[in-house]
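Remarks on the overall topology
Listed below, chain by chain, are the residues.
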Amino acid sequence: MQKIILITPTHLRKERMGYLKELSGIFSQVENLLWLVCEDGIRKHDNVEELLQRSGIDYKYFNYGPTNNWGECQRDFLCEYVFRHDINGVCYFADDDNWWDIKIFDEIRKTKRVGVFPVGNRGPSN
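What counts and what doesn't
- Residues numbered from 1 in each chain as written.
- Predicted model: local features only at pLDDT ≥ 70, side-chain atom pairs only at ≥ 80, totals over all residues.
- Heavy atoms only, no water.
- Helix = DSSP H or I, 4+ residues; strand = E, 2+ residues; numbered from the N terminus.
- Buried < 20%, exposed > 50% of the residue type's maximum accessible area, 1.4 Å probe, protein only.
- Core = buried A, V, L, I, M, F, W, Y, C linked by side-chain atoms within 4.5 Å.
- Contact = heavy atoms within 4.5 Å.
- Phe/Tyr/Trp six-rings, centres within 6.5 Å; stacked < 30°, edge-to-face > 60°.
- Lys NZ or Arg CZ within 6 Å of the ring centre and 35° of its normal.
- Axes fitted to C-alpha atoms, helices over the stretch in contact; angles between N-to-C directions.
- Parallel < 35°, antiparallel > 145°, perpendicular 65-115°, else oblique.
- Left-handed = near helix turned anticlockwise from the far one by under 90°.
- Nonpolar A, V, L, I, M, F, W, Y, C, P; charged D, E, K, R; others polar.

Topic: the environment of Asp101
- Mapped onto the fold, Asp101 is located in the loop between β5 (98-99) and α4 (104-109).
- Its relative accessible area of 30% is what places Asp101 among the partly exposed residues.
- Spatially, the C-alpha atom of Asp101 lies 8.3 Å from that of Ile26, the residues being 75 residues apart in sequence.

Okay, structure coming up:
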């Protein structure tokens, strides 16, 4: 079964922990998954680390920034981490404010080279 590598930038905001808690509940149901989370900030946050530890999901938590650039630098940092550590699998950019249907992971796993999937965004549009 092909590994799914979820790349999630995050930053300090009031909705963050709720979003990450919901994602951890969904992602914990997915087999052979690696969740890479990167904080847009000068440090990692204990409450995020604790949530990730409690989730039972294979994860790595980093910080890169602050950049305040909509997660682009954090995505790049995590992609570089995947390449540098020769992690094989299907990478998917899983923003913390996206909406998820568990069935999408079966489709993501079928990806051979490049795939495009629809995203439901719950975050602000400004």
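From this point, the discussion proceeds with the structure in view.
As for the nonpolar core
- By size, the foremost hydrophobic cluster in this structure holds 23 residues, and its most contacted members are Leu6, Phe27, Leu33, Trp35, Trp100 and Phe105.
- Elements represented by at least two residues in this core include exactly β1 (4-10), α1 (16-27), β2 (33-39), α2 (46-55), β3 (58-63), β4 (90-93) and α4.
- Here this core gets four residues from one element, more than from any other, and that element is α1.
- Not counting residues within four places of it along the chain, the set of residues in contact with Trp100 comprises Leu23, Ile26, Phe27, Tyr92, Ala94, Asp95 and Phe105.
- Core analysis: the second largest hydrophobic core is formed by eleven residues, Leu34, Cys38, Leu78 and Cys79 among them.

Considering the packing of aromatic side chains
- Here the structure, examined in full by the defined rule, presents eight aromatic pairs.
- Judged by centre distance (5.8 Å) and plane angle (85 degrees), the ring pair of Phe27 and Phe105 falls under edge-to-face. With Phe27 in helix α1 and Phe105 in helix α4, the pair connects residues that are 78 residues apart, well separated along the chain. Each member of the pair, Phe27 as well as Phe105, carries the same accessibility label: buried.
- If you follow Arg75 out to its NZ or CZ, it ends over the ring of Phe93, 5.9 Å from the centre.

A look at the packing of α1 against α2
- In the contact formed by α1 and α2, the axes pass within 10 Å of each other and the chain directions differ by 15 degrees. Between α1 and α2, the interaxial angle falls into the category roughly parallel. Relative to α2, the crossing made by α1 is right-handed. Contact residues: α1 offers Arg16, Met17, Leu20, Lys21 and Ser24, while α2 offers Asn47, Val48, Leu51 and Ser55.
- Classifying every residue of the contact of α1 with α2 by side-chain character gives four nonpolar, three polar and two charged.

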